[in-house]
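The residues making up each chain are set out below.
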2 protein chains.
Amino acid sequence: MSPKVPDQHKEQRQREILSASKKVFAKKGYEATSIKDIMEATGISRGGIYDYFSNKEHIFLSLLEQSMEDNRKEIDTLLQKNNGSVWKTLLAIWDDYREAKNEDKEDSFSAAIIEYGIAHWRKPENRGYIENRYGKAAGIFSSLIQKGIDNGEFDPVTSVDDISRFMISFLDGIAISAITLTHGFMQTGKQIDLFENSMKSMLNVKEPDLSQR
Amino acid sequence: MSPKVPDQHKEQRQREILSASKKVFAKKGYEATSIKDIMEATGISRGGIYDYFSNKEHIFLSLLEQSMEDNRKEIDTLLQKNNGSVWKTLLAIWDDYREAKNEDKEDSFSAAIIEYGIAHWRKPENRGYIENRYGKAAGIFSSLIQKGIDNGEFDPVTSVDDISRFMISFLDGIAISAITLTHGFMQTGKQIDLFENSMKSMLNVKEPDLSQR
DNA sequence: TATAATAACGACAAGGGTGTCATTTTTGTA
DNA sequence: TACAAAAATGACACCCTTGTCGTTATTATA
């Protein structure tokens, strides 16, 4: 004679599915992952999964959204950690690309994201998500750079948006190679060094490079 | 009482299959393409396809090899067309990324290549092809830059290999965005401009930029 | 024109993935 | 303890793809 479920037990269940399937996507990639894999990873039955998500793509897109939010927060954290220095924050962001990518490569959810994008851009109904992701990333970096300008850290000659996009392109490229190729094959560190130099002159960084890295 | 086939009729048939399936891969992407699609595109029956190739991947890898060879030749051509000027050759290569990618985007075989790489790096047996591709590209660009040094066109501070890899990373990133995003969303031209500037100072280009573009 | 070698065909079986839904299990309340 | 509502289950029917292989069509020669 009354609702029989606990309260946000549902949310808990959803979170379980999401967290388990994120690992699966990271390990196997988007296409290669089947609902069966997710069932096994969560321990929930076939029908159970469908009670919470309508299909694999639905699960993935939820994870995508969550991941973007995580990234945004991560940058805020870094900014605080570096006492508001945008340049140091950028260096910290890029540092992640140096080695880390090679270590936990086997569990790279980013790889799944790129795979999803590159395999699904042809269908108009997916474009929205893909552009949204790019747009958000560009926006975040743009406002970060703008903050640096307001700070007095930077004095770029070119448009903030263009620099932001340049940054994304390069980092995307690095991410792909880092994921795709075995360690040592490409000298990620060296490339990041060159990239930092480019960005430094592009942004016209004022700060003397005291503790560069 | 004698072999019943014309001579290199087989080769002709193979070429037919390859050329038709290249279009299909370009239009639909790697995963989304099925043998059925290739049958329809070539007009050859199911069994017929399997007489020449053992499976979809076999066809794709043949195309991949062919495409790498084409790229190599293309660069030689550009080099001649520019009277041996490496810098002008590089500018010409990069120019391809400015607009063209957006026009025939619907028929982008490069997209299929990247998709293949990002979706299959996890299987060790595929690593070979992927690394081979990267290695060859890096080699081509490295020797191109080296030629520029011998020419007296460049005088870079950093290693030729590192610059070559930096170039590949950025161009890969650009390619992905150009493919993935709708036209106008990202300002490819502007990014290439910034990239050219970076490369110019990285290579320490001697030539005055008379007919820059 | 007959024929033998072989190229081309297409029906088929097998495998795997998907989403549904009738049934069973669980759980909070009376 | 009883029970009703909701959660969880897993068998099922459907669809699509793959690679094979016995059969048919073609073709250069004699």
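This is a predicted model, so every value here is computed, not measured.

Thresholds, definitions, all that
- Residues numbered from 1 in each chain as written.
- Chains lettered and ligands numbered in written order.
- Predicted model: local features only at pLDDT ≥ 70, side-chain atom pairs only at ≥ 80, totals over all residues.
- Heavy atoms only, no water.
- Helix = DSSP H or I, 4+ residues; strand = E, 2+ residues; numbered from the N terminus.
- Buried < 20%, exposed > 50% of the residue type's maximum accessible area, 1.4 Å probe, protein only.
- Contact = heavy atoms within 4.5 Å.
- UniProt positions renumbered as here; feature names shortened; annotations may be inferred.
- Expected span 1.5 Å × (residues − 1).
- Polar contact = N/O pair within 3.5 Å; in protein donor to acceptor, adjacent residues only side chain to side chain.

The next point concerns the overall build of chain A. On a plain count of helices and strands, chain A comes out with 10 helices and 0 strands. Overall, chain A shows an N-to-C arrangement of helices and strands of α-α-α-α-α-α-α-α-α-α. Burial status across chain A gives 49% buried among its 213 residues. Excluding contacts between residues fewer than 6 apart, the proportion of contacts in chain A whose partners are at least 24 apart in sequence is 70%.

In this structure's numbering, the residues bearing the UniProt feature "DNA-binding region" (unreviewed entry) are residues 34-53 of chain A. As a span, residues 34-53 of chain A carries 75% helix and 0% strand, and end to end its C-alpha atoms are 14 Å apart.

Three- or four-residue spacings in an α-helix give side chains the same orientation, since the helix completes a turn every 3.6 residues. For helix α9 (residues 160-180) of chain B, built from 21 residues, the straight-helix expectation of 30 Å at 1.5 Å per residue is met to within 8% by its first-to-last C-alpha distance of 30 Å. Measuring from the side-chain oxygen of the N-cap residue of α9 of chain B to the backbone nitrogen of D161 of chain B gives 3.2 Å; that N-cap residue is S159 of chain B.

This part covers the environment of Q187 of chain A. Among the structural elements, Q187 of chain A can be located in the loop between α9 (160-180) and α10 (188-203). A C-alpha to C-alpha distance of 9.8 Å links Q187 of chain A and E99 of chain A, two positions 88 residues apart in sequence.

What follows is about unusual backbone geometry. Residues and elements named next belong to chain A. Within the chain, N83 stands out as a residue other than glycine whose phi angle is a positive 55 degrees. Tracing the backbone through its elements, the reader meets N83 in the loop between α4 (56-81) and α5 (86-98). Residue class for N83 comes out exposed when judged on its relative accessible area of 74%.

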